[in-house]
Amino acid sequence: MEVDADGIAGPVPAMPKSPSESATPVESVTPAGSAAFVDPVGPPQVAVVVIGFDDAGRIGDAVRSALTQGPVVSEVIAVDDASTDGTDRVLDELATGEPRLRVVRRAVNSGGCGAPRNDGVRVATAPYVMFLDSDDTLPEGAAKALLRAALRHHAPVAAGLCVRRELPRGRETRWQPGLYRRAGVRSAADHPALLHDTLCVNKLYSRAFLTEHAIAFPEGPFVYEDFVFTARVLAAAPRVATVPDTVYIWHVRRDGAPSISLDRERITNWQARVSAHRRSVDVFREAGSEALARAARVKFLDHDLRMYVRELPLRSAGYRHAWWRVTRGYLATYEEAELRAARAPSRWIARVVLASEAPRDLARLSQLAARPARLLPPYAEHEGAPVWAPDLPAALLDGVTDPAEVPVGRLPVTVDAELRPLRRELRLRVHDLYGRLAAGPPRAVDVELNHRNGTAGLRCSVPLFGDPPWSVRLPVGLARLAGLGVRDGAGSAPQSWDIRVRLHPSTGGSFRTSVRAAGRGLHRLALPSLRFGLLLAHPYATATGSLAVRLAPGVRAAAAVALRRLWARGRQRQHGPHRRRERRD
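Parameters at a glance
The residue count restarts for each chain, going from 1 along the sequence in the order it is written. Reporting in this predicted model follows two pLDDT cut-offs: at least 70 for local features of residues, and 80 or more for side-chain atom pairs to be given and counted; totals over whole chains, interfaces and linings ignore these cut-offs and use all residues. Only heavy atoms go into the side-chain values, all of them from the structure, while hydrogens and water stay out. Helical segments are the DSSP runs of H or I of at least four residues, strand segments are the runs of E of at least two, and each set is numbered from the N terminus. A simple rule labels every residue: compare its accessible area, found with a 1.4 Å probe on the protein chains alone, to the largest value its type can have, and call it buried under 20%, exposed over 50%, or partly exposed in between. Here, a salt bridge means any Lys or Arg side-chain nitrogen found within 4 Å of an Asp or Glu carboxyl oxygen. The contact definition used throughout considers only heavy atoms, calling two residues in contact when any of these lie within 4.5 Å. Pairs of cysteine sulfur atoms within 2.5 Å are what we label disulfides. Two strands are said to pair when DSSP picks up at least two bridges between them. Whether two aromatic rings pair depends on their centres lying within 6.5 Å, for rings of Phe, Tyr and Trp, where Trp uses its six-membered ring; planes under 30 degrees apart make the pair stacked, over 60 edge-to-face, and the rest tilted. To sit over a ring, a charge needs its Lys NZ or Arg CZ within 6 Å of the ring centre and within 35 degrees of the ring normal. Nine residue types can take part in a nonpolar core, namely buried Ala, Val, Leu, Ile, Met, Phe, Trp, Tyr and Cys, and a core is a set of them joined through side-chain atoms within 4.5 Å. Note on definitions: angles span 0 to 180 degrees between N-to-C directions of axes, and those axes are lines fitted to C-alpha atoms, for helices only across the stretch in contact. For classification purposes, angles smaller than 35 degrees are called roughly parallel, those larger than 145 roughly antiparallel, those between 65 and 115 roughly perpendicular, and all remaining angles oblique. Any residue that is not Ala, Val, Leu, Ile, Met, Phe, Trp, Tyr, Cys, Pro, Asp, Glu, Lys or Arg is counted as polar, Gly included; the first ten are nonpolar and the last four charged. To estimate how far a helix should extend, the number of its residues minus one is multiplied by 1.5 Å.

What to know about unusual backbone geometry
Piece 1. With an omega of 0°, the peptide bond running from Arg371 to Pro372 counts as cis.
Piece 2. Locating Pro372 in the fold gives a position in the loop between helix H12 (362-369) and strand S11 (380-382).
Piece 3. Although it is not a glycine, Asp54 sits at a positive phi angle of roughly 50°.
Piece 4. Mapping Asp54 onto the fold places it in the loop between strand S2 (46-52) and helix H1 (59-67).
Piece 5. We classify Asp54 as buried; its relative accessible area is 18%.
Piece 6. Residues other than glycine seldom take positive phi values, yet Glu383 does so here, at roughly 55°.
Piece 7. Along the chain, Glu383 turns up in the loop between S11 and strand S12 (385-387).

And the structure:
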């Protein structure tokens, strides 16, 4: 699967039971002058720094996951950031009879994640250090896999795959999977894609390396401290050993108070992100690496900008105007070469923001920011060149008509889809894009309905005829779909299904894309079913506007849906102002 700039690709395939068992070949060779490789993992050499604040209910699981890494971990340092909820008592109980666990208590809350991590590194004695947040866990064998890679390749930094697990549903996606498909040794100078992984927790660091280069986290209420820390690490030009193993489980809880970094409804979050990004770019420039500074700025367009634009239609008018003002000010510092280096959808979005003094076309921009991108009609031109709109001639859609720059497989093609449960019918409408598809008309479309847990799927292929826009209707057996979910382990629980299509142009090849939710049928319906008695079907638009469908087969599953809605409403009423401190996204 191709990696997008968000770094998220899912669902997660089956992983080795233990990272240490991975047999993926290594890109680099054994160091010169060495004999055949012998596993160097011997005495305990890793310190795991666990930070927590008012997280008594979860910090125990985090600490235990670090302790169960085995003898490779010589010490677990739990830093309590002046908690008031009994976190200190939980840590004291864990430390009883566990000599490897050391508890550090801060007298005053730091307001962020940087200071407690720095405290942990300062008291650590092991030659290597890892970081773990109190609401996350380390999978079995993570420390050993990273240490083995670091020692084998004499690398001061080792990194592996982070899996993002959304709770309570348990859906898992992989963070920046393209970086961790194979084991290898890289440097940021030769592999700038390393800049896309701004997490600090899926890595192991040599303490001597951190000390030599005076690398530490920014302290205080700094929201995106990972950005700056990672920039300082990569600016020091280390060899980075990568492993294809899962080394960190990042828990994202959607049913409770959001973390600061995931609380993107406040303009202060975007301001903090832009500020942290600016500071990261300065780190590279101060280190004399203009190439990495430019790569970081391009990453901002391809990842950060698109992520927030996707959510703009959901924000208040005040937020939108403030966001637009902050973003225009920052984008004004970009050179044309930096815009051109970004992916086409990213630079087109940037051009629209720069060309318009006020927020506009937010629904259309949100679709262009989706992954995969969708450029919705109308398709305007100015003096023969594709532009965003007739009144924004400066917002060029450069490259969209050039097959060499934007090949067919990367076109932001829009495919509208409407699911009609009563008719058990899916309607598709494929839009042309400045004549690019009409030059080699799609003759067939494969429709894929995939269960969110990755265990089941339904596929069919239908021909396309006529002139653009191309339309087709096909039957969808919702009861059959629900039956596949039940057979593959979902039982009577509610199911979620994503809908994607693969287009087959007459010129050869094919490409996949998601479908945009269209029509008025986005509501829940109770359908009679011979197999289940009752089938609850709910076509809906995802956060990025794609069409998906929820199915609840049987009375029990339908009741579970109703109870979940009541529970969610209750949580919203009880939701207070307290928010956990957490990094990233």
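Some details on the pattern of salt bridges
Pairs can form between side chains of opposite charge whenever their charged atoms are close.
Piece 1. Applying the stated rule across the entire model yields 33 salt bridges.
Piece 2. Across the salt bridge formed by Asp61 and Arg64, the nearest N and O atoms sit 3.1 Å from each other. Taken as a pair, Asp61 and Arg64 lie in helix H1 at a separation of three residues, close to a single helical turn.
Piece 3. According to the relative accessible area criterion, Arg64 is partly exposed, its value standing at 41%.
Piece 4. Here Arg427 and Glu425 are joined by a salt bridge, their closest N and O atoms 2.8 Å apart. For the pair formed by Arg427 and Glu425, the shared burial category is buried.
Piece 5. Taken together, the shared-partner salt bridges in this structure form one network comprising Glu336, Arg340, Arg347, Arg351, Asp398 and Glu405.

Comments concerning the environment of Leu138
Piece 1. Topologically, Leu138 is positioned in the loop between strand S5 (128-133) and helix H4 (142-152).
Piece 2. Since its relative accessible area comes to 6%, Leu138 is described here as buried.
Piece 3. Sequence spacing of Leu138 and Arg64 is 74 residues, and the spatial spacing of their C-alpha atoms is 9.1 Å.
Piece 4. Apart from residues lying up to four places away in sequence, Leu138 is in contact with Val48, Ser65, Ala66, Gln69, Met130, Leu132, Val247 and Tyr248.

A few points about the state of the cysteines
Piece 1. As enumerated under the stated definition, the model contains zero disulfides in all.
Piece 2. As a non-bridged cysteine, Cys113 has Cys200 as the owner of its nearest cysteine sulfur, 8.3 Å distant.
Piece 3. Classification of Cys200 as buried rests on a relative accessible area of 0%.

Quick word on the pairing of strand S21 (residues 525-529)
Piece 1. Only one face of S21 is covered, namely the one carrying Leu525, Leu527 and Ser529; the face carrying Ala526 and Pro528 has none of its residues buried.
Piece 2. Counted along the chain from S21 to the antiparallel partner strand S22 (residues 533-541), the turn is three residues long.

Examining the packing of aromatic side chains
Piece 1. Enumeration over the complete set of coordinates arrives at 14 aromatic pairs.
Piece 2. For the pair Trp175 and Trp250, a centre-to-centre distance of 6.0 Å together with 70° between the ring planes defines the contact as edge-to-face. Residue Trp175 is located in strand S7 (residues 171-175), and its partner Trp250 is located in strand S10 (residues 240-253); the two are separated by 75 residues in the primary sequence. Across the pair, Trp250 and Trp175 agree in class, each one buried.
Piece 3. Ring pairs connect the aromatic residues Trp270, Phe300, Tyr308, Trp323, Trp324, Tyr330 and Tyr334, which therefore count as one cluster.
Piece 4. Arg164 extends its terminal NZ or CZ atom over the ring of Trp250, reaching a point 5.1 Å from the ring centre.

Focus on the sheet that holds strand S20 (residues 516-517)
Piece 1. The mixed open sheet is built from four strands, whose spatial order is S17-S14-S13-S20. Two strands bound the open sheet, and with one partner strand each, they are strand S17 (470-475) and S20.
Piece 2. Where strand S13 (residues 415-420) meets S20, two bridges bridge the pair, whose relative direction is parallel. What sits directly across from Asp416, in S20, is Arg516.

Section: the nonpolar core
Piece 1. Counting residues in hydrophobic clusters, the biggest one holds 163 residues, and the most contacted among them are Val48, Phe131, Trp323, Trp388, Leu426 and Leu428.
Piece 2. Considering each element in turn, this core owes the most residues, 10 residues, to helix H8 (residues 290-309).
Piece 3. Apart from residues lying up to four places away in sequence, Leu428 is in contact with Val415, Asp416, Ala417, Val445, Val447, Trp470, Ser471, Val472, Leu474, Val501 and Val515.

A short note on the packing of helix H7 (residues 267-286) against helix H9 (residues 317-331)
Piece 1. For the pair H7 and H9, interaxial distance at closest approach is 9 Å and the crossing angle is 10°. The angle between H7 and H9 falls in the class roughly parallel. For the pair formed by H7 and H9, the contact residues are Ile267, Trp270, Gln271, Val274, His277, Arg278 and Val281 on the first element and Tyr319, Ala322, Trp323, Val326, Thr327 and Tyr330 on the second.
Piece 2. In terms of residue class, the contact of H7 with H9 is built from nine nonpolar, three polar and one charged.

A closer look at helix H11 (residues 344-355)
Piece 1. With 12 residues, H11 should cover 16 Å at 1.5 Å per step; its first-to-last C-alpha distance of 16 Å lies within 8% of that length.
Piece 2. Buried residues dominate H11, accounting for 10 of its 12 residues.
Piece 3. When we look at burial in H11, the residues that qualify are Ala344, Pro345, Ser346, Arg347, Trp348, Ile349, Ala350, Arg351, Val352 and Val353.
Piece 4. If you follow the buried residues of H11, they end up packed against H8, H9, helix H10 (336-341) and H12.

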